[in-house]
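Examining the three-dimensional arrangement
Each chain is listed here by its residues.
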Amino acid sequence: MSGAQERPLRADAARNRAKVLDVATEVFTTRGVGVPTEEIARAAGVGVGTLFRHFPTKEALLEAVMVRRLEAMAAMTAQLADRADPAEPAEALFACFRLVVEQSAGKNEFAQALAAAGVDVHAALREPTGEIQARLAGLLSRAQRGGQIRPDLGLPELLALLVGTGTTLEQLGGDPAARERIFDVVFDGLRPR
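Please read these numbers as outputs of a predicted model, since none were measured by experiment.

Now for the side chain of Gln 148. With respect to the helices and strands, the residue Gln 148 is situated in the loop between helix 7 (121-145) and helix 8 (155-172). The class of Gln 148 is buried, set by a relative accessible area of 17%. A polar side-chain atom of Gln 148 sits 3.0 Å from the main-chain carbonyl oxygen of Ala 87. Separated by 2.9 Å, the side chain of Gln 148 and the backbone nitrogen of Ala 90 make a polar contact.

A few words on the packing of aromatic side chains. The full count for this structure, using the stated rule, is three aromatic pairs. When the ring of Phe 94 is compared with that of Phe 187, the centres are 4.3 Å apart and the planes differ by 10 degrees; the resulting orientation is stacked. Of this pair, Phe 94 sits in helix 5 (residues 89-103) while Phe 187 sits in helix 9 (residues 176-190), and the two are 93 residues apart along the sequence. The exposure class assigned to Phe 94 is buried, which follows from its relative accessible area of 4%. Residue classification places Phe 187 among the buried positions, given a relative accessible area of 9%.

Position of Arg 53 relative to the elements: it lies in helix 3 (residues 48-54). Sequence separation between Arg 53 and Leu 169 is 116 residues; the distance between their C-alpha atoms is 37 Å.

Put simply, helix 5 and helix 9 touch, their axes get as near as 11 Å, and they point 135 degrees apart. By the angle class used here, helix 5 and helix 9 are oblique. In this structure, the crossing between helix 5 and helix 9 has a hand that is right-handed. The residues of helix 9 that touch helix 5, namely those facing Phe 94, Phe 97, Arg 98, Val 101 and Glu 102, are Arg 179, Glu 180, Phe 183, Val 186, Phe 187 and Leu 190. In terms of residue class, the contact of helix 5 with helix 9 is made up of seven nonpolar, no polar and four charged.

Moving on to helix 9. In this model helix 9 runs 21 Å from its N-terminal to its C-terminal C-alpha over 15 residues, within 8% of the 21 Å that 1.5 Å per residue would give. Every buried residue belonging to helix 9 is among Ala 178, Phe 183, Val 186, Phe 187 and Leu 190, and all of these are buried. Residues of helix 9 that are buried make contact with helix 5 and helix 8. N-capping of helix 9 is provided by Asp 175, with a side-chain oxygen placed 3.2 Å from the backbone N of Ala 177.

Rules and cut-offs
- Residues numbered from 1 in each chain as written.
- Predicted model: local features only at pLDDT ≥ 70, side-chain atom pairs only at ≥ 80, totals over all residues.
- Heavy atoms only, no water.
- Helix = DSSP H or I, 4+ residues; strand = E, 2+ residues; numbered from the N terminus.
- Buried < 20%, exposed > 50% of the residue type's maximum accessible area, 1.4 Å probe, protein only.
- Polar contact = N/O pair within 3.5 Å; in protein donor to acceptor, adjacent residues only side chain to side chain.
- Phe/Tyr/Trp six-rings, centres within 6.5 Å; stacked < 30°, edge-to-face > 60°.
- Axes fitted to C-alpha atoms, helices over the stretch in contact; angles between N-to-C directions.
- Parallel < 35°, antiparallel > 145°, perpendicular 65-115°, else oblique.
- Left-handed = near helix turned anticlockwise from the far one by under 90°.
- Contact = heavy atoms within 4.5 Å.
- Nonpolar A, V, L, I, M, F, W, Y, C, P; charged D, E, K, R; others polar.
- Expected span 1.5 Å × (residues − 1).

Rendered as structure tokens:
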């Protein structure tokens, strides 16, 4: 009898955890990491105690949200790479570049908050970050072999461009035309001369 009672609790707990993560991802991404955990719990429709059972500290919640975002980004880059037209490897690289830049909005704020709390951000994010970088490296290599991307560009420079482009877009705010011009300039600079 107790086994039958435990299963629904586990399913409820899993649903509660997922709901908290969904709400926290949305709230932290749109409103910043300063939103109190009590507000996250209320928006998720759970008590603060339930939130803290799954995420003992706000930093644990921030870390889970950041890991989740990067895992989703890794899955999306994999899909883009897998669906890429073999004749247009540069377009797949550009699509992944754009995705990573756009999905990384607010990442620095997360990382700074976690680092300030003593969390080893790089260790926590190593696996999904490695997957994304491996996907970008493969697309870069394929596009270079196809003569569509300048041959002197390495992965470290591409990653630096990702970070720089993300920072640039944050400075531009919500101007979509300006954002597109930045992508056009970056992508034009990646093509061979």
